[in-house]
Amino acid sequence: MMGYQMLSRGDTGGAIKLFLKNVHTYPGSSNVYDSLGEAYAAAGKKELAIENYEKSLKMDPKNKNAEEWLKKLKEQK
């Protein structure tokens, strides 16, 4: 929740740091990669966003959010 609050305030750097900590703490969770992807996308770091959304989707092929974001980001290339 805190990471998303940071994103809503425009603190993408803080959100990325927090989501990276979640990735290291819960590496088996597809959701943490999805959240990190969102933060990278908000920061304009498309390649990192794509990388994390792909990890999330690989772990959870039913993740529609990651699927939609990947489509959007890849169209922007």
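Coordinates for the structure precede this section.
Residues numbered from 1 in each chain as written. Predicted model: local features only at pLDDT ≥ 70, side-chain atom pairs only at ≥ 80, totals over all residues. Heavy atoms only, no water.

Caption draft 1: Structural view of the nonpolar core. In terms of nonpolar packing, the biggest core is built from 19 residues, with A15, F19, L36, A39, A49, Y53 and L73 touching the most fellow members. The set of elements that each furnish at least two residues to this core consists of α1 (2-8), α2 (12-25), α3 (30-42), α4 (46-59) and α5 (64-75). A total of six residues in this core trace back to one element, the largest contributor, which is α3. Leaving out residues up to four positions away in the same chain, A15 has contacts with G3, M6, L7 and A39. (Core = buried A, V, L, I, M, F, W, Y, C linked by side-chain atoms within 4.5 Å. Buried < 20%, exposed > 50% of the residue type's maximum accessible area, 1.4 Å probe, protein only. Helix = DSSP H or I, 4+ residues; strand = E, 2+ residues; numbered from the N terminus. Contact = heavy atoms within 4.5 Å.)

Caption draft 2: Expanded view of the pattern of salt bridges. Tallied over the entire structure, the rule returns three salt bridges. Of the charged contacts, one joins K55 and E51 as a salt bridge, the two residues approaching to 3.8 Å between their closest N and O atoms. With K55 and E51 both in helix α4, this residue pair falls four residues apart, about one helical turn. Under the relative-accessibility criterion, K55 is labelled partly exposed at 36%. On the basis of relative accessibility, which here comes to 37%, the residue E51 falls in the partly exposed class. Two residues, K64 and E67, come together in a salt bridge whose shortest N-O distance is 3.9 Å. Taken together, the residues K64 and E67, both in helix α5 and three residues apart, mark about one turn of the helix. (Salt bridge = Lys/Arg side-chain N within 4 Å of Asp/Glu carboxyl O.)

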